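Tertiary structure, described
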Amino acid sequence: MMEQKRSDMDHPILFYDGDCGLCNFAVRFILTYEKEAIVRFAALQSDVASRMLPLEWRKNLDAVILRKNGRLYVKSNALIQIATYLKFPLCLLRLLRCIPRPVRDWLYDRVAKNRQRLLKAYCLRVDEITARRFMNH
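Small disclaimer: the values here were computed from a predicted structure and weren't measured.

Our next topic: the pattern of salt bridges. Summed over the entire model, instances satisfying the criterion amount to two salt bridges. Residues Lys75 and Asp109 are paired through a salt bridge, measuring 2.8 Å at the closest nitrogen-oxygen approach. Taken together, the residues Lys75 in the loop between β4 (71–74) and α5 (76–83) and Asp109 in helix α6 (residues 101–113) connect sequence positions 34 residues apart.

Take the sheet that holds strand β2 (residues 40–43) next. Backbone hydrogen bonds hold the strands of a sheet together, and the pairing may be parallel or antiparallel. As summarised here, the arrangement of the four strands in space is β2-β1-β3-β4, forming an open sheet in which the pairing is mixed. A strand with exactly one partner marks an edge of an open sheet, and here the two such strands are β2 and β4. Looking at each pair of strands side by side, their axes are set apart by 25° on average, direction ignored. Where strand β1 (residues 13–16) lies against strand β3 (residues 65–68), three bridges are found, and the strand directions are antiparallel.

The subject of this paragraph is the confidence of the model for the protein. On average, residues of the protein score 82 in pLDDT, and 77% of them are at 70 or above. By mean pLDDT, helix α1 (residues 2–9) is the weakest element of the protein at 52, and α5 is the strongest at 95.

Under the criterion given, the structure shown has one aromatic pair. For the ring pair Phe29 and Tyr33, a centre distance of 4.8 Å and an interplane angle of 45° mean the geometry is tilted. Of the two residues, Phe29 and Tyr33 both sit in helix α2 (residues 21–33), four residues apart, roughly one turn of that helix.

Analysis parameters
Residues numbered from 1 in each chain as written. Predicted model: local features only at pLDDT ≥ 70, side-chain atom pairs only at ≥ 80, totals over all residues. Heavy atoms only, no water. Salt bridge = Lys/Arg side-chain N within 4 Å of Asp/Glu carboxyl O. Helix = DSSP H or I, 4+ residues; strand = E, 2+ residues; numbered from the N terminus. Pairing = 2+ DSSP bridges. Axes fitted to C-alpha atoms, helices over the stretch in contact; angles between N-to-C directions. pLDDT = per-residue confidence, 0-100. Phe/Tyr/Trp six-rings, centres within 6.5 Å; stacked < 30°, edge-to-face > 60°.

This is how it looks when you write it as structure tokens:
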């Protein structure tokens, strides 16, 4: 079991608010449109997040965080990095990096502020194989 955990750390890990319907919908979207099963997932409320992320980042449940190659990407930068793992034409969303980060993050913050109203409840159901990609311990 430790060997699987070590290999999981080599994968990009998306940290998200596990209690957010929009976040759970986004995770399902990634699982559906990913080119390969590469990205791992962990709730910001999980023990994995408490071990891998600074406290100030974990407290902001409005921000998704991607850990990739030892670097942390937050908000719109995380979404742009995730786009690189998606099938065509969704991978073209990475071109959004041409928009200045303050503008992207301002838009991200508007959606994040209203996320509970946008998608109140979305139950994330996964099969046994996909469940292995969730790092909730």
